[in-house]
Amino acid sequence: MAEFTREQILEKVAAGDNLSGIDLRVSKLELANLRAVNLSGADLSGANLYFAKLTDADLSAANLQLAVLDRADLTGAFLTRANLRGASLERANLFRANLWNARLEGVQCEGANLDRALVTGATYDKMTNWPKGFDPEEAGAVLVD
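A quick note: this is a predicted structure, and the numbers were derived from the prediction, not measured.

Cut-offs applied
Residues numbered from 1 in each chain as written. Predicted model: local features only at pLDDT ≥ 70, side-chain atom pairs only at ≥ 80, totals over all residues. Heavy atoms only, no water. Helix = DSSP H or I, 4+ residues; strand = E, 2+ residues; numbered from the N terminus. Buried < 20%, exposed > 50% of the residue type's maximum accessible area, 1.4 Å probe, protein only. Areas by Shrake-Rupley, 256 points an atom, 1.4 Å probe, with all protein chains shown as cover. Lys, Arg positive; Asp, Glu negative; His and termini not counted. Charge placed at Lys NZ, Arg CZ, Asp CG, Glu CD. Contact = heavy atoms within 4.5 Å. Phe/Tyr/Trp six-rings, centres within 6.5 Å; stacked < 30°, edge-to-face > 60°. Salt bridge = Lys/Arg side-chain N within 4 Å of Asp/Glu carboxyl O.

Regarding the overall build of the protein chain
- A count of helical and extended segments in the protein chain gives two helices and two strands.
- Starting at the N terminus and walking to the C terminus, you meet the elements of the protein chain as α-β-α-β.
- Overall size of the protein chain, expressed as C-alpha extent along the three principal axes, is 40 × 25 × 20 Å.
- Within the protein chain, the fraction of its 145 residues that count as buried is 46%.
- Total accessible area on the protein chain stands at roughly 7,300 Å², and carbon and sulfur atoms take up 47% of it.
- Seen as two clouds, the 15 positive and the 20 negative side-chain charges of the protein chain have centres 2 Å apart.

Some remarks on unusual backbone geometry
- Phi angles above zero are rare outside glycine, and Ala-61 is one such case at about 60°.
- Its place among the elements puts Ala-61 in the loop between α1 (6–14) and β1 (123–124).
- Overall, the relative accessible area of 38% leaves Ala-61 in the partly exposed class.
- Of note in the backbone geometry, Asn-101 takes a positive phi value of approximately 60° without being a glycine.
- Turning to its location among the elements, Asn-101 is positioned in the loop between α1 and β1.

Side note on the environment of Val-68
- Relative to the assigned elements, Val-68 resides in the loop between α1 and β1.
- By relative accessible area, which is 29% here, Val-68 ends up partly exposed.
- In sequence terms Val-68 and Ala-87 are 19 residues apart; their C-alpha atoms lie 5.9 Å from each other.
- Apart from the residues within four sequence positions on either side, Val-68 is in contact with Ala-47, Asn-48, Leu-49, Tyr-50 and Ser-88.

Quick notes on the packing of aromatic side chains
- On inspection of all chains with the given rule, the structure shows three aromatic pairs.
- Pairing Tyr-50 with Phe-51 gives two aromatic rings, centres 5.3 Å apart and planes at 85°, and the pair type is edge-to-face.
- A residue is classified by how much of its surface remains accessible, and Tyr-50, at 33% relative accessible area, is partly exposed.

A word on the pattern of salt bridges
- For the structure shown, the criterion picks out four salt bridges.
- Measuring nitrogen to oxygen at the nearest pair gives 2.6 Å for the salt bridge that ties Arg-103 to Glu-105.
- Taking relative accessible area as the criterion, Arg-103 reaches 36% and is therefore assigned partly exposed.
- Judged by its relative accessible area of 7%, Glu-105 is buried.
- Here the salt bridges share partners, and the residues they tie into one network are Arg-85, Arg-103 and Glu-105.

Below is the structure:
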């Protein structure tokens, strides 16, 4: 797959191009406005999405393993079946995000807003760091070994 620069990616977003399935590994997209973009199936493993605006984005089945999403706005984002293993979501806004059947093993999400987020069927492990007061089992997430 072709690699794209930050500028090329943002140009494609501005043009309304579908980024579904694109290899964006280790991309530097901090502070990027990716609102409502279709990134379903995209490979964003190790990407820097610090403070990115991903409101209403489609990240279903995306590979976000080891991605940095600290302080990202994922309000209403669609993360079903996404692989977030080892990702950092510290202080991220996941209000109304759909994380159904997502992989959350080893995720760091201290201070994240999970209010009204759907985590039913999402898997997590003992290394997953949830926000204070959040009960993953009560929310429907599944502890795995």
